[in-house]
Amino acid sequence: MIESLVSVGIPTYNRPVGLRHTLECITEQTYKNLEIIISDNCSPGPETEIVIREFMGRDPRIRYYRHETNKGPTHNFKFVLEMATGEYFMFAADDDGWEDTYIEKCLQE
């Protein structure tokens, strides 16, 4: 049985601590057929990118885009949606915390 690809879009801006927590929750999901799309809206300093690159080194499902200028939150949300290729799409805030079965349970519904 082939599981549907679920795209998880994470627009972010300068919240490395919250983003770390979100990425821990998403990468540890029981449902594994995910693409994780992160769009950084030109966060100042290196902290956000450091967190993302750390997770990218452990999880090939992560795709990272960093904008050269801050284009506002609406653009950042639209961007992750446009980059998605999955049959299903979910937004995740850069400070979300999900149970490890969250995506699996959503798909069951």
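Details of the structure are given in the entry above.
Residues numbered from 1 in each chain as written. Predicted model: local features only at pLDDT ≥ 70, side-chain atom pairs only at ≥ 80, totals over all residues. Heavy atoms only, no water.

*Asks:* Would you take a moment to explain the overall build of the protein for this structure?
*Replies:* Scanning the protein from terminus to terminus reveals 4 helices and 4 strands. Listing each helix as α and each strand as β along the protein from the N terminus yields β-α-β-α-β-α-β-α. Computed over its C-alpha atoms, the radius of gyration of the protein comes to 13 Å, within 12% of the 13 Å expected for a compact globule of 109 residues. On the principal axes, the C-alpha backbone points of the protein span a range of 45 × 25 × 20 Å. In the protein, which comprises 109 residues, the share counted as buried stands at 40%. Considering only contacts in the protein between residues 6 or more positions apart, those separated by 24 or more positions represent 81%. Surface accessibility of the protein: about 6200 Å² in total, with carbon and sulfur atoms responsible for 54%. Positive and negative side-chain charges in the protein, numbering 11 and 19 respectively, have mean positions lying 5 Å apart. (Helix = DSSP H or I, 4+ residues; strand = E, 2+ residues; numbered from the N terminus. Rg over C-alpha atoms; globule rule 2.2 N^0.38 Å. Buried < 20%, exposed > 50% of the residue type's maximum accessible area, 1.4 Å probe, protein only. Contact = heavy atoms within 4.5 Å. Areas by Shrake-Rupley, 256 points an atom, 1.4 Å probe, with all protein chains shown as cover. Lys, Arg positive; Asp, Glu negative; His and termini not counted. Charge placed at Lys NZ, Arg CZ, Asp CG, Glu CD.)

*Asks:* It is not clear to me how unusual backbone geometry should be interpreted in this structure. Could you clarify?
*Replies:* Most peptide bonds take the trans configuration, and most residues that are not glycine carry a negative phi. We note that Asn 14 has phi near 55°; this positive angle belongs to a residue other than glycine. Its place among the elements puts Asn 14 in the loop between strand E1 (6-12) and helix H1 (16-27).

*Asks:* Could you clarify how one ought to interpret the nonpolar core in this entry?
*Replies:* Most often, soluble globular proteins keep nonpolar side chains buried together rather than apart. Counting 20 residues, the largest nonpolar core has Val 8, Ile 10 and Leu 23 as its most contacted members. Of all elements in the fold, only E1, H1, strand E2 (34-40), helix H2 (47-58) and strand E3 (62-66) reach the threshold of two or more residues within this core. Element by element, the count of residues in this core is highest for H1, at 4 residues. Contact partners of Ile 10, with chain neighbours within four places excluded, come to Leu 19, Thr 22, Leu 23, Ile 26, Ile 36, Ile 37, Ile 38, Ser 39, Val 80, Ala 92, Ala 93 and Asp 94. (Core = buried A, V, L, I, M, F, W, Y, C linked by side-chain atoms within 4.5 Å.)

None of the figures reported here should be taken as evidence of function without further support.
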